[in-house]
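Spelled out from the first residue to the last, the chains are:
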Amino acid sequence: MDDSDPVTELIRRWRAGDPAAFDRIFAHYARSLARVAEHHLSRRLARRVHRDDIVQSVFRTFFRRGREGTLRVHDSAHLWQLLVRMTVFKVRAKWREHTADRRDLRAEEADGGAWLAEAAAGEPGPEEAAALVDLMEAMVRGLEPLHARVLELLVEGQSLAEAAKTLGKTRQCVYRVRDLLEARLRQAAGDAG
């Protein structure tokens, strides 16, 4: 680390447990990262995801990984490059999330969001709830333990990244399992219908 670099000193202080250093690092980079996020967000995605949410997510990840000791920052230039890469990665991840299946913002424009209004119109009735329980039981039968655990975590509301961390697996592994589970669910729904 370059000792003459004030950001390097802030990083050193933050690692030593100084909470004011955290605030100063955030204040130093947040506005510039918000512009980077805004530049990479499409108009459609920007309607769902605010640039500040991306920046907060970047800093949550940065500070968590910094506490865990998995980040090595040499100086302010290196830190800036790392934060920009993380910001672009987070925007791309949000794009993938919001263009998947029923969340697809491209479909939302095509049908005016009618499917969303229909889906949110009311709670499932007892028959629909029972059908869902039957479908879930049929789906879980015969699953490998990892697949069953991923399903359990996703049903509990964990994100794919959180599930990966909980299981000690890569995100790509959890994405593959999720894709397999979705295919199995579609097949089970087709067989039940």
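Throughout what follows, the structure given in this document is the object of discussion.

This part covers the overall build of the protein chain. Along the backbone of the protein chain there are eleven helices and zero strands. Tracing the protein chain from N to C terminus, the helices and strands come up as α-α-α-α-α-α-α-α-α-α-α. When burial is assessed residue by residue, the protein chain has 30% of its 193 residues classed as buried. Taking the intrachain contacts of the protein chain between residues at least 6 apart in sequence as the baseline, contacts between residues at least 24 apart amount to 58%.

Another point: the packing of aromatic side chains. The full count for this structure, using the stated rule, is five aromatic pairs. Consider the rings of Phe22 and Phe63, whose centres lie 4.1 Å apart with planes at 45°: the pair is tilted. Within this pair, whereas Phe22 is found in helix α2 (residues 19-40), its partner Phe63 is found in helix α4 (residues 51-68), the two being separated by 41 residues in sequence. The class of Phe22 is partly exposed, set by a relative accessible area of 30%. Phe63 sits in the buried class, given a relative accessible area of 2%. Each residue in the set Phe22, Phe26, Phe59, Phe62 and Phe63 is aromatic and connected to the rest through ring pairs, giving one cluster.

This brings us to the environment of Gly66. As for its position among the elements, Gly66 is in helix α4. Classification of Gly66 as buried rests on a relative accessible area of 10%. Taking the C-alpha atoms as reference, Gly66 lies 7.7 Å from Arg15; in sequence the two are 51 residues apart. Leave out the neighbours within four places in its chain, and Gly66 touches Trp14 and Leu71.

Moving on, we get to the nonpolar core. Of all hydrophobic cores here, the largest spans 27 residues; its most connected members are Ile25, Tyr29, Leu33, Phe59, Phe62, Leu79 and Leu83. Mapped onto this core, the elements with two or more residues apiece are α1 (6-15), α2, α4 and α5 (76-98). With seven residues, α2 is the single largest residue contributor to this core. When residues no more than four places from it in sequence are discounted, the contact partners of Phe59 are Ile25, Phe26, Tyr29, Ala30, Leu33 and Leu83. One finds Leu151, Ala163, Ala164 and Val177 within the second-largest nonpolar core, a separate group that totals ten residues.

The subject of this paragraph is the side chain of Thr87. Looking at where Thr87 falls in the secondary structure, it is placed in helix α5. Under the relative-accessibility criterion, Thr87 is labelled buried at 0%. Among the polar contacts made by the side chain of Thr87, one reaches the main-chain carbonyl oxygen of Leu83 at a distance of 2.8 Å. Those residues in contact with Thr87, other than ones at most four positions away along the chain, are Leu33, Val36, Ala37, Ile54 and Val58.

Rules and cut-offs
- Residues numbered from 1 in each chain as written.
- Predicted model: local features only at pLDDT ≥ 70, side-chain atom pairs only at ≥ 80, totals over all residues.
- Heavy atoms only, no water.
- Helix = DSSP H or I, 4+ residues; strand = E, 2+ residues; numbered from the N terminus.
- Buried < 20%, exposed > 50% of the residue type's maximum accessible area, 1.4 Å probe, protein only.
- Contact = heavy atoms within 4.5 Å.
- Phe/Tyr/Trp six-rings, centres within 6.5 Å; stacked < 30°, edge-to-face > 60°.
- Core = buried A, V, L, I, M, F, W, Y, C linked by side-chain atoms within 4.5 Å.
- Polar contact = N/O pair within 3.5 Å; in protein donor to acceptor, adjacent residues only side chain to side chain.

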